[in-house]
Amino acid sequence: MSAADFSRTPWVDVAERIERGALAVLAIGACEQHGAHLPLTTDTDMAHGVGRRLADDLDALLLPPITYGDAWTASAYPGTISISPRTLQAMIEDIGHELLRMGVQGLIIVNGHFGNREPMLLAARRLTTAGLPVCHLDYPGLERLAGDICESAPAGPGFYHADEVETAIMLAIAPDSVDIARAEPSYPQFPPTFGSEPMQFRDFNPSGVFGDPRPATRDKGEALIAGILGESLKLVAAWRARHGI
Ligand SMILES: [Zn+2]
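Structural notes, computed from the coordinates. Everything numeric in this text was worked out from a predicted model, so none of it was measured.

## Some points on the pattern of salt bridges
Under the criterion given, the structure shown has 15 salt bridges. For Asp 59, the salt bridge identified is with Arg 17, shortest N-O distance 2.3 Å. Of this pair, Asp 59 sits in the loop between helix H2 (42-58) and strand S3 (61-62) while Arg 17 sits in helix H1 (residues 11-20), and the two are 42 residues apart along the sequence. Classification of Arg 17 by relative accessible area gives buried; the value is 13%. Residue Arg 117 is joined to Asp 138 by a salt bridge in which the shortest nitrogen-to-oxygen separation is 3.4 Å. With Arg 117 in helix H4 (residues 117-130) and Asp 138 in the loop between strand S5 (134-137) and helix H5 (142-149), this pair connects stretches of sequence that are 21 residues apart. Residue classification places Asp 138 among the partly exposed residues on the basis of a relative accessible area of 28%.

## Overview of the coordination of the zinc ion
Looking at the zinc ion, the protein donor atoms are His 34 (NE2), Asp 43 (OD), Glu 166 (OE) and Glu 166 (OE), and they sit 1.8 to 2.6 Å from it. Here the zinc ion is ringed by four donor atoms whose angles at the metal span 54 to 136°, and the overall shape comes out irregular. One chain supplies every donor to the zinc ion, and in sequence these donors are spaced H-x8-D-x122-E. Pair noted here: Asp 43 is in helix H2 and Glu 166 is in helix H6 (residues 164-173), with a separation of 123 residues, a long-range link. Both residues of the pair, Asp 43 and Glu 166, count as buried.

## Some words on the environment of Asp 138
Spatially, the C-alpha atom of Asp 138 lies 9.2 Å from that of Ala 47, the residues being 91 residues apart in sequence. If sequence neighbours within four positions are ignored, Asp 138 has contacts with Asn 111, Arg 117 and Met 120. Polar side-chain contacts of Asp 138 include one of 2.7 Å to the side chain of Asn 111. Of note is the side chain of Asp 138, whose polar atom sits 3.4 Å from the side chain of Arg 117.

## Structural notes on the sheet that holds S5
One open sheet holds the five strands; their spatial order is S1-S3-S2-S4-S5, and the pairing between them is parallel. Bordering the open sheet on either side are strand S1 (4-5) and S5, each of which pairs with just one other strand. Relative to strand S4 (residues 106-111), strand S2 (residues 23-28) runs parallel, the two sharing six bridges. Each bridged residue has a counterpart across the sheet, and for Ala 27 the counterpart in S4 is Val 110. Of the strands in this sheet, S2, S4 and S5 are in contact with H4, which crosses S5 at around 165°. Relative to the sheet, helix H7 (residues 218-243) contacts S2, S4 and S5, its axis offset from that of S5 by approximately 160°.

## Details of the layout of surface pockets
Taken as a whole, the largest pocket holds about 1,000 Å³ of empty space. Taken together, 33 residues line the largest pocket, and the ones lying closest to its centre are His 113, Phe 114, Gly 115, Phe 159 and Phe 201. When residues of the lining of the largest pocket are traced back to their parent elements, those giving at least two are H2, H4, H5 and H6. Within the lining of the largest pocket, the residues separate by chemical class into 16 nonpolar, eight polar and nine charged.

What counts, and at which threshold
- Residues numbered from 1 in each chain as written.
- Predicted model: local features only at pLDDT ≥ 70, side-chain atom pairs only at ≥ 80, totals over all residues.
- Heavy atoms only, no water.
- Salt bridge = Lys/Arg side-chain N within 4 Å of Asp/Glu carboxyl O.
- Helix = DSSP H or I, 4+ residues; strand = E, 2+ residues; numbered from the N terminus.
- Buried < 20%, exposed > 50% of the residue type's maximum accessible area, 1.4 Å probe, protein only.
- Donors = N, O, S within 2.8 Å, 3.2 Å for Na, K, Ca; no water.
- Tetrahedral: all angles 85-135°; square planar, octahedral: opposite > 155°, others 65-115°.
- Contact = heavy atoms within 4.5 Å.
- Polar contact = N/O pair within 3.5 Å; in protein donor to acceptor, adjacent residues only side chain to side chain.
- Pairing = 2+ DSSP bridges.
- Axes fitted to C-alpha atoms, helices over the stretch in contact; angles between N-to-C directions.
- 1 Å grid on protein atoms, 1.4 Å probe; cavity = no way out; pocket = protein on both sides within 12 Å on 5 of 7 lines; lining within 4 Å.
- Points joined across faces, edges and corners; volume = space filled by probe spheres on them.
- Nonpolar A, V, L, I, M, F, W, Y, C, P; charged D, E, K, R; others polar.

The structure is reproduced here in structure tokens:
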């Protein structure tokens, strides 16, 4: 079976799916700089692409993604459009309440952007309390997969931004939007207080790339996605068993 993609599905078919018992998949991304070789919607494109494959495997409803996120750290790069964590949390909660009202059994969130984590966790907590079980996924297994599949080192532990990982996944999901000829490595010197105070990334990283995107290939991207999908399906199965859905 394939997902009921909201961008291609009339309401009557969604109603019929929900009648049979349905889960929904929501990708949350960002509109954020990703160097000179990737588009601003990279995080959204990646999360929605992974979400689409997950929804296909689960025969789930594939919701339109949330295309903006909390990208405050990148707001000094023109093109980045950040929304507040409060706004993002409210959007996720509003969407969740609508799903609950129409009888969806549970919500799976695929997060494509680090800055979305806190508002996502808070929204998930409130929706679960309201009666909608939420499983939130942050590309599970990515650190191990990146270590196995990619050639270049990340700019920081678990830090993947416009690097080989993200470029490879984009080559698999949206190859036409990658301009690999413009890919340049950048390993910025992180200020000593990185992680201990709010910080604009442009202050210490002019290009916006963290790592080396050049060795990225479509095959690596497919392997990363397959690994993420496998780990995600295991988590979703355990979450469904816990909730009997
Ligand atoms: Zn990204």
